[in-house]
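# Descriptive analysis of the structure
Residue strings, one per chain:
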Amino acid sequence: MNRQLVVALLAFATVFAGVPAPAAAAVDQTAQQQTAQCTFPMTVTDATGTEVTITDDPERVVTTNPSAAQTMWELGARDEVVGVSQYAMYLDGASEKGNVSGSGGLNVEAVIGLEPDLVLVPNSSYNAAPDRVGQLRSADISVVVFESGKSLAAVANKTERVGRMTGNCEAGVERAAEMRESMEHMREALDGAERPVGLNSFFGYTSGSETFISDIMTTAGLRNGAAEENLTGFAQINEELVVEMNPEYIVVPDHAPVPSSPAYNSTTAIQEGNVIVIEAHKLQQPAPRAIEASEEILEAVHPDAYERYQQLENESATDSTADETETTTAADTTATDAAESTATTESADSTTESDAPGFGVVAGLAAIGAVVLLARRR
């Protein structure tokens, strides 16, 4: 509903009934909550170009990769998840869910046996075995395949999208907004900072351009040496290139060994001990906790900028708390004033029906109720 119309109707109710109108902040919050609501049935187009209809708010969700599971956990919706892959077992309570991993990848029978309302599939799993997604769809199960995440912005967008598809719209919007705000705060904190060359290394591979890990690094104030050497995607890297690149920092997931060949040992990163080891579920999963990987890199590479970043985050949190308090106070004041007006009306009604001054108040409250009803139908 148009905000100006809401405010105008509330003002009309105020004049007509003598009831104080809610503050504009309360109206804005109501409008935001209305926008965040989910509507089913919902039809989405997934990464395969398939139109998928989700008939009702899903109560049973299967996540076939750890990033989708992490996203559901971050949205506070883990109780809706009935199945996860074996690599999601690091999440609290994941061991209580059905395991849909098989020896050759996704276990179609296990997924079907869980009777899911919705299955979330990564692009990598689909590319490895597209026939299994076809089998699930043939079983009349709604399956959404996600595109490959190539940036933190894409991860935030996916977080919001998962929230919408699983009936957790408000949580999805809020978590995605938090990620975007943190990214902006890092950019602001790093303004003017010199950026050293970094290299992501895991089992002889690296993250080139067009990967979310590259964006994790650059958002945190590193240059991605692999991207600057024209490597794209997740690619093998030879030691000659490592020597030529001479990274000042090496970023490694905690499940991979720190490289220790002569080529790597000759780099500034190894010689100065600039190796940043990050938990794999933060660094290598395109999910909300990826922002924490950027934070850890920022702290290690740019400690002063990290302090500034923390200040910006704290200021933002304080502002948000103040806004919530102001909105709650405005709503409480409105409710109290309305209650007092109603009490006066009830006292006056005991005199005579025709002389009762409460008629205008009742009509005004009805007008407010109409505004709320219209907002809900928006």
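Okay, so let's go over this structure.

Parameters and conventions
- Residues numbered from 1 in each chain as written.
- Predicted model: local features only at pLDDT ≥ 70, side-chain atom pairs only at ≥ 80, totals over all residues.
- Heavy atoms only, no water.
- Phe/Tyr/Trp six-rings, centres within 6.5 Å; stacked < 30°, edge-to-face > 60°.
- Helix = DSSP H or I, 4+ residues; strand = E, 2+ residues; numbered from the N terminus.
- Buried < 20%, exposed > 50% of the residue type's maximum accessible area, 1.4 Å probe, protein only.
- Lys NZ or Arg CZ within 6 Å of the ring centre and 35° of its normal.
- Pairing = 2+ DSSP bridges.
- Contact = heavy atoms within 4.5 Å.
- Axes fitted to C-alpha atoms, helices over the stretch in contact; angles between N-to-C directions.
- Parallel < 35°, antiparallel > 145°, perpendicular 65-115°, else oblique.
- Left-handed = near helix turned anticlockwise from the far one by under 90°.
- Nonpolar A, V, L, I, M, F, W, Y, C, P; charged D, E, K, R; others polar.
- Disulfide = S-S within 2.5 Å.
- Core = buried A, V, L, I, M, F, W, Y, C linked by side-chain atoms within 4.5 Å.

## A few points about the packing of aromatic side chains
One pass over the full model with this rule turns up 4 aromatic pairs. Ring centres of Phe-212 and Phe-234 lie 6.4 Å apart, and the angle between their planes is 70°; this geometry places the pair in the edge-to-face category. Here Phe-212 is found in helix 9 (residues 212-219), whereas its partner Phe-234 is found in strand 13 (residues 234-236), with 22 residues between them in sequence. Judged by its relative accessible area of 5%, Phe-212 is buried. These aromatic residues form a ring-pair network of at least three members: Phe-202, Tyr-205, Phe-212 and Phe-234. Over the aromatic face of Phe-146 sits the side chain of Lys-158, whose NZ or CZ is 5.7 Å from the ring centroid.

## What about the sheet that holds strand 8 (residues 118-121)?
Working definition: the strands of a sheet are paired by backbone hydrogen bonds and lie parallel or antiparallel to each other. Here we have 5 strands laid out as an open sheet, ordered 5-4-3-8-9, and parallel in their pairing. What marks the edges here is a single partner per strand, and that holds for strand 5 (98-99) and strand 9 (143-145). Here 2 bridges tie strand 3 (residues 61-63) to strand 4 (residues 81-84), and the two strands are oriented parallel to one another. Looking at strand 4, one finds that Val-62 is bridged to Gly-83. Contacting strand 8 and strand 9, helix 6 (residues 130-138) runs over the sheet at an angle of about 150° to strand 9.

## Quick word on the packing of helix 7 (residues 152-165) against helix 8 (residues 169-189)
Between helix 7 and helix 8, the shortest axis-to-axis distance is 6 Å and the interhelical angle comes to 170°. The orientation of helix 7 with respect to helix 8, classified from their angle, is roughly antiparallel. Our pair here, helix 7 against helix 8, has a crossing hand that is right-handed. Listed contacts from helix 8 to Leu-152, Ala-153, Val-155, Ala-156, Asn-157, Thr-159, Glu-160, Gly-163 and Arg-164 of helix 7 are Cys-169, Gly-172, Val-173, Arg-175, Ala-176, Met-179, Arg-180 and Met-183. Taken together, the residues of the contact of helix 7 with helix 8 break down into 9 nonpolar, 4 polar and 4 charged.

## Concerning the pairing of strand 1 (residues 42-45)
Residues of strand 1 alternate between two faces, with Met-42 and Val-44 buried on one and Thr-43 and Thr-45 left unburied on the opposite face. Sheet topology places strand 1 next to strand 2 (residues 51-54); 4 bridges connect them, and they run antiparallel. Across the sheet, the residue bridging to Met-42 is Ile-54, located in strand 2. What sits between strand 1 and strand 2 in their antiparallel hairpin is a turn of 5 residues, with Gly-49 showing a positive phi close to 85°.

## Quick notes on the state of the cysteines
Overall, the coordinates contain 1 disulfide when judged by the stated rule. The residue that forms a disulfide with Cys-38 is Cys-169, at a sulfur-sulfur distance of 1.9 Å. Given an S-S torsion of about 130°, the disulfide between Cys-38 and Cys-169 has right-handed geometry. Highlighted residues: Cys-38 in the loop between helix 2 (24-35) and strand 1 and Cys-169 in helix 8, separated in sequence by 131 residues.

## Side note on the sheet that holds strand 10 (residues 197-200)
The 4 strands lie next to each other as 12-10-14-15, forming an open sheet whose pairing is parallel. Taken across any chain shown, the strands that pair with only one partner, and hence form the sheet edges, are strand 12 (223-224) and strand 15 (275-278). Looking at chain direction, strand 14 (residues 249-253) and strand 15 are connected through 4 bridges and run parallel. Within strand 15, the residue paired with Ile-250 across the bridge is Val-275.

## A closer look at the nonpolar core
Of all hydrophobic cores here, the largest spans 29 residues; its most connected members are Ile-216, Ile-297 and Leu-298. Residue assignment for this core shows that the elements contributing at least two residues are helix 7, helix 8, helix 9, strand 14, strand 15, helix 15 (290-301) and helix 16 (303-349). Considering every element that reaches this core, the biggest residue donor is helix 15, with 6 residues. Among all residues touching Ile-216, those that are not within four sequence positions of it are Leu-152, Lys-282, Leu-283, Ala-290, Ala-293, Ser-294 and Ile-297.

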